[in-house]
Amino acid sequence: MALRGVRVLELAGLAPAPLCGQILADFGAQVVRVDRFRSAAIHADVQGRGKRSLALDLKQPRGAETLTRLCQKADVLLEPFRPGVMENLNLGPDVLLKNNPRLIYARLTGFGNSGAYSKMAGHDINYLAVSGVLSRLGRKDENPYAPVNLLADFAGGGVMCALGIIIALYERTKSGKGQVIDASMVEGAAYLSSFLWKSQNLGLWNRPRGENLLDSGAPFYETYKTSDGKFMAVGALEPQFYKQLISGLGLDSDKLPDQYDFSGWPEMKRRFTDLFSKKTQAEWCEIFDYTDACVTPVLSFDDVVSHPHNKERGTFLKNDQEEISPRPSPLLSRTPATPSTRRDPFIGEHTEEILLDSGFSKEEIAQLKALKVIESNKPKANL
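Presented here is a report on the structure given in the accompanying data block. Here the structure is a predicted model, which means the values were calculated and not measured. Starting afresh in each chain, residues are numbered from 1 along the sequence in its written order. Reporting of local features is limited, given that this is a predicted model, to residues whose pLDDT is at least 70; pairs of side-chain atoms are given and counted only at 80 or more, and all residues count toward the totals for whole chains, interfaces and linings. Side-chain numbers here rest on the full set of heavy atoms in the structure, without hydrogens or water.

1. Observations concerning the side chain of Thr109
By secondary structure assignment, the location of Thr109 is in strand 5 (residues 104–109). Three exposure classes are used, based on accessible area relative to the maximum for each residue type with a 1.4 Å probe and protein chains only: buried under 20%, partly exposed in between, and exposed over 50%. Residue class for Thr109 comes out buried when judged on its relative accessible area of 5%. Think of a polar contact as two N or O atoms within 3.5 Å of one another; within protein, one of them needs to be a possible hydrogen donor and the other a possible acceptor, and neighboring residues in sequence only count if both atoms come from side chains. For Thr109, the side chain forms a polar contact with the main-chain nitrogen of Gly112, separated by 2.9 Å. Each helix is a run of DSSP H or I of at least 4 residues and each strand a run of E of at least 2, with the numbering of both proceeding from the N terminus.

What follows is the structure in structure tokens.
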């Protein structure tokens, strides 16, 4: 796979960092998740595909020394803590890059490693708010709303950090040097919204929230409920696509207001709502599938795997526990991701194996275990 041979140490954290590590693992990197002990773990990592787990107490000096030694042979360190935490453990970039100048030190935080808010607690909705993006999300006369925790946590955080790591690894092929990545979820979400900023003079966003072309204002860029309680998504922006939408709905375009007549949008939305409510989702799919009307079913998690398009492309996969998850994306032609089909690792499942691979002797491992610096939790065999 494309990242074969890249060695990553991922310090266990919440959602964004585990996704970043999973992306790297899916594309071939050797990812070791450095976990807290089971008794101290806050949340289970459900994005552990393809990773191994080492349970290590970093608050003990010997624990910090162990990580420092592991970093000497690593390509990437991924850490998700607030600014100053790693420095207080004597594990800051100045220390670790001195020992390994080729190390890519990726710091994934909500507000970044500097700035007035940098040491504040927060979650996706807070980072999205400070990025400016949240102010654009919401329907007319309603409060802004965050679309679960996808935008800041995962897109602006996990994916942007993975991109930064790949860029830094590529640059290292020329300079031979590592560097520090400051991946802020606020700035990642803001960067994702570049189109919103650059398109402000195009007239796309000059009306109040929820009344514009792409924020649920337009009747032809909206979701509609069907007679069986499901939904259809409509995105017929271009006139030629809108024409097919109108035809599929059984309407006469000559008797309708112009597509981009803002004053006619509320009435058109009411008409579309009424029409979509008269047929089931399946009936609408019979009308709009394989057309250019830009009308598609809103698929639930229960339905998405069996949909013909996703089934044909193998968009979803199962692991050996029959758990379903999306296939890694994008699909590379020569070196596609071949994700592990094994279950996610238990905390500390590979502690001794990882340390042996990293040059620790059995005696050193036994001593670290006796001092409760490491924890090993091998699964019991089912007899």
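2. With respect to the packing of aromatic side chains
A pair of Phe, Tyr and Trp rings is counted when the ring centres sit within 6.5 Å of each other, with Trp represented by its six-membered ring. The angle between the planes then sorts it: under 30 degrees is stacked, over 60 is edge-to-face, the rest tilted. Counted by the stated rule, this structure contains 10 aromatic pairs. Between Tyr224 and Phe276 the ring centres are 5.0 Å apart and the planes differ by 10°, which places this aromatic pair in the stacked class. A residue pair is termed long-range when its members are at least 10 positions apart, and Tyr224 in strand 7 (residues 221–225) and Phe276 in helix 10 (residues 265–276) qualify at 52 residues. Across this residue pair, the class does not change: Tyr224 and Phe276 are buried. Following the ring pairs from residue to residue traces out a cluster consisting of Phe220, Tyr242, Tyr260, Phe262 and Trp265. Whether a charge sits over a ring comes down to the Lys NZ or Arg CZ being within 6 Å of the ring centre and within 35 degrees of the ring normal. The lysine or arginine in question, Arg207, covers the ring of Phe262, its NZ or CZ lying 4.5 Å from the ring centre. The lysine or arginine in question, Arg343, covers the ring of Phe346, its NZ or CZ lying 4.0 Å from the ring centre.

3. Thoughts on the sheet that holds strand 8 (residues 231–235)
An order of 7-8-9 is seen for the three strands of this open sheet, with the pairing classed as antiparallel. At either margin of the open sheet sits one strand with a lone partner, and together these are strand 7 and strand 9 (295–297). Each adjacent strand pair in this sheet contributes to an overall mean axis angle of 25°, direction not counted. Residues count as neighbours in contact if any of their non-hydrogen atoms are within 4.5 Å of one another. Axis lines are fitted to C-alpha atoms, over the contacting stretch for helices. Their N-to-C directions set the angle, which ranges from 0 to 180 degrees. Most of the contacts of helix 10 go to strand 7, to which it runs at about 40°, and overall it touches strand 7, strand 8 and strand 9. Should DSSP find at least two bridges between two strands, the strands are taken to pair.

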